[in-house]
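# Remarks on the overall topology
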Amino acid sequence: MTTSTQPRRTVFQSEWFRFLKIQEIGVFLILALMCLFLSLATKTFLTSTNIFNVLRAFSWIAIAAFGEILVIIIAGIDLSVGSTMALAGLAAGFAYRADQPMAVGLLAGILTGALVGAVNGLIVTKGRLPAFIATLGTLSIGRGLCYGLTNGQPITDFPDSFRMLGQYDLPVFGLNIPLPAIYMIVLAAVMGFFLSRTVWGYRIYALGGNEQATALSGINVGRLQLLVFILSGLLAGIAGVVMTARLGVASPTAANGYELDVIAAVFIGGASTSGGEGSILGALMGAAIMQVLRNGLVLLGFPAYWQSAAIGLVIVVTLMLDQYRKRRGR
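Residues numbered from 1 in each chain as written. Predicted model: local features only at pLDDT ≥ 70, side-chain atom pairs only at ≥ 80, totals over all residues. Heavy atoms only, no water.

All right, on to the overall build of the chain then. Along the backbone of the chain there are 14 helices and two strands. For the chain, whose C-alpha radius of gyration is 20 Å, the value lies close to the compact-globule estimate of 20 Å for 330 residues. Taken over 330 residues, the chain has a buried fraction of 50%. The average position of the 21 basic charges and that of the 13 acidic charges among the side chains of the chain differ by 9 Å. (Helix = DSSP H or I, 4+ residues; strand = E, 2+ residues; numbered from the N terminus. Rg over C-alpha atoms; globule rule 2.2 N^0.38 Å. Buried < 20%, exposed > 50% of the residue type's maximum accessible area, 1.4 Å probe, protein only. Lys, Arg positive; Asp, Glu negative; His and termini not counted. Charge placed at Lys NZ, Arg CZ, Asp CG, Glu CD.)

In the Ramachandran plot, Asn151 falls in the positive-phi region, its phi being about 55° despite a non-glycine side chain. Assignment of secondary structure puts Asn151 in the loop between α6 (131-150) and α7 (160-167).

Taken as a whole, this structure holds three aromatic pairs when the rule is applied. Here the aromatic rings of Tyr96 and Phe162 are separated by 5.0 Å at their centres, their planes lie at 55°, and the arrangement is tilted. Taken together, the residues span a long stretch of sequence, with Tyr96 in helix α4 (residues 81-97) and Phe162 in helix α7 at a distance of 66 residues. Overall, the relative accessible area of 0% leaves Phe162 in the buried class. Measuring from ring centre to ring centre gives 5.0 Å for Phe158 and Phe162, while their planes differ by 20°; the resulting arrangement is stacked. Neither Phe158 nor Phe162 differs from the other in exposure class; each is buried. By way of ring pairs, the aromatic residues Tyr96, Phe158 and Phe162 are connected into one cluster. The cationic tip of Arg203 hangs over the ring face of Trp200; the distance from NZ or CZ to the ring centre is 5.1 Å. (Phe/Tyr/Trp six-rings, centres within 6.5 Å; stacked < 30°, edge-to-face > 60°. Lys NZ or Arg CZ within 6 Å of the ring centre and 35° of its normal.)

Another point: the packing of α4 against α6. Contact geometry of α4 with α6 gives a least axis separation of 8 Å together with a crossing angle of 30°. Relative to α6, α4 is oriented roughly parallel. For the element pair α4 and α6, the recorded crossing hand is left-handed. Between α4 and α6, the residues in contact are Gly82, Ser83, Ala86, Leu87, Leu90 and Phe94 and Leu139, Gly142, Arg143, Leu145, Cys146, Leu149 and Thr150, respectively. When the residues that make up the contact of α4 with α6 are grouped by side-chain class, the tally is eight nonpolar, four polar and one charged. (Axes fitted to C-alpha atoms, helices over the stretch in contact; angles between N-to-C directions. Parallel < 35°, antiparallel > 145°, perpendicular 65-115°, else oblique. Left-handed = near helix turned anticlockwise from the far one by under 90°. Contact = heavy atoms within 4.5 Å. Nonpolar A, V, L, I, M, F, W, Y, C, P; charged D, E, K, R; others polar.)

Before going further, it helps to examine the side chain of Asn50. Relative to the elements of secondary structure, Asn50 occurs in helix α3 (residues 48-73). Separated by 3.0 Å, the side chains of Asn50 and Asn295 make a polar contact. Setting aside residues no more than four positions away along its own chain, Asn50 makes contact with Thr44, Phe45, Asn295 and Leu299. (Polar contact = N/O pair within 3.5 Å; in protein donor to acceptor, adjacent residues only side chain to side chain.)

Judged from the four bridges that link them, strand β1 (residues 169-172) and strand β2 (residues 175-178) form a sheet pairing that is antiparallel. Across the sheet, residue Asp169 finds its bridge partner in β2, namely Pro178. Adjacent in sequence and paired antiparallel, β1 and β2 are bridged by two residues, among which Phe173 carries a positive phi angle near 50°. (Pairing = 2+ DSSP bridges.)

Let's shift gears to the pattern of salt bridges. What the rule picks out here adds up to three salt bridges. For Asp169, the salt bridge identified is with Arg56, shortest N-O distance 2.6 Å. Of this pair, Asp169 sits in strand β1 while Arg56 sits in helix α3, and the two are 113 residues apart along the sequence. Take Asp169: its relative accessible area is 27%, and that puts it in the partly exposed class. A salt bridge links Arg163 to Asp160; the nearest nitrogen and oxygen atoms lie 2.1 Å apart. With Arg163 and Asp160 both in helix α7 and three residues apart, this pair spans about one turn of that helix. With relative accessibility at 22%, the residue Arg163 sits in the partly exposed group. (Salt bridge = Lys/Arg side-chain N within 4 Å of Asp/Glu carboxyl O.)

This part is about the confidence of the model for the chain. Mean pLDDT over the chain: 89, with 92% of residues reaching 70 or higher. Counting interchain partners and residues more than four positions distant, the pLDDT-below-50 stretch residues 1-20 has 39 contacts. (pLDDT = per-residue confidence, 0-100.)

Our focus in this paragraph is the nonpolar core. Within soluble globular proteins, side chains that are nonpolar generally end up buried alongside one another. If you look at the biggest cluster of nonpolar residues, it comprises 85 residues, and the most contacted ones within it are Ile63, Phe66, Leu70, Met85 and Ile204. It is α3 that provides the largest number of residues to this core, a total of 14 residues. Beyond its immediate chain neighbours, meaning those up to four positions away, Met85 contacts Trp60, Ala64, Ala236, Ala239, Gly240, Met243, Ala255 and Tyr258. (Core = buried A, V, L, I, M, F, W, Y, C linked by side-chain atoms within 4.5 Å.)

For Gly270, the location among the structural elements is in the loop between α12 (258-268) and α13 (280-299). Spatially, the C-alpha atoms of Gly270 and Tyr324 are 13 Å apart, while their sequence positions differ by 54 residues. For Gly270, the contacting residues outside a window of four places in its chain are Gln23, Val27 and Glu277.

This part covers α12. The buried count for α12 comes to nine of eleven residues, which makes it a mostly enclosed element. Taken as a whole, α12 has its buried residues at Glu259, Asp261, Val262, Ile263, Ala264, Ala265, Val266, Phe267 and Ile268. At the C-terminal side of α12, Gly270 shows a positive phi close to 110°.

Written as structure tokens, this is what we have:
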């Protein structure tokens with residue numbers, strides 16, 4: 001049993017320094033080359049306004065991706081993150097509409113995400129449904145709740161103190177850094193530490209590498225899966241609250257289709273479809289690549305209609321490279 005899980009120990013020990021891993025270096029080089037090309041091809045890409053707008057725009061996608069990567073590492077998938085983000089924003093909106101303090105509204109949104117994650121985890125662990133089917137169902141249920149609870153109408157009466165959490169820029173060394181970008185960086189550090197420097201992180205990698213060996217080693221696989229889905233929902237809830245604070249409105253159509261962006265960020269960042277691989281850093285860079293690509297297409301004058309096609313092409317190529325790497329035994 002010890003021998004079968006030992007290779008994953010090496011991955012776990014070195015995860016904090018994933019800069020030294022070929023996959024993360026490749027993703028970083030792609031991001032760097034995209035930025036270099038756009039800086040030469042356009043006059044506005046490297047302006048501080050554009051860079052910070054890009055950071056703000058993908059911050060909530062990256063935050064949700066920090067939870068999604070955990071699910072994908074254990075060879076699962078969470079399709080409900082978009083609906084969860086929308087539900088979290090609406091939960092915060094209902095709390096403020098009931099004249100609750102800001103802290104209550106924030107907790108309502110975040111805990112709503114955790115609750116959806118717990119439901120997903122229980123369906124997978126107790127109901128024995130594949131994660132794809134379970135979260136596909138909660139995706140539809142969540143979106144239906146968004147429409148049903150609001151009668152299709154958005155919530156707009158948010159206090160200024162809440163909107164500031166997503167719209168305020170924090171002056172740092174003469175630069176106005178968007179607060180959503182700061183949340184993203186802090187959560188990346190926290191989740192990176194969790195995944196690389198805690199026993200739970202090691203167990204998550206071990207579960208993704210070999211579920212049977214993990215169970216035989218005495219780890220409660222069901223409890224670990226439940227934890228992973230709760231964390232995925234929790235981070236999606238945080239992302240939804242940040243997104244709602246930035247937009248200043250909680251709409252039942254919010255984050256529609258964002259689950260594809262979140263999953264794409266994870267796979268572009270180097271995660272494997274078979275589990276056992278991936279990193280917070282990779283998910284962060286994957287989200288950045290998608291937003292830089294969108295921003296670049298706009299700056300280069302391409303119609304917005306081509307953005308989805310470009311993102312889809314990037315996903316397909318990334319997954320094909322992942323399969324090629326596996327066949328080569330790397």
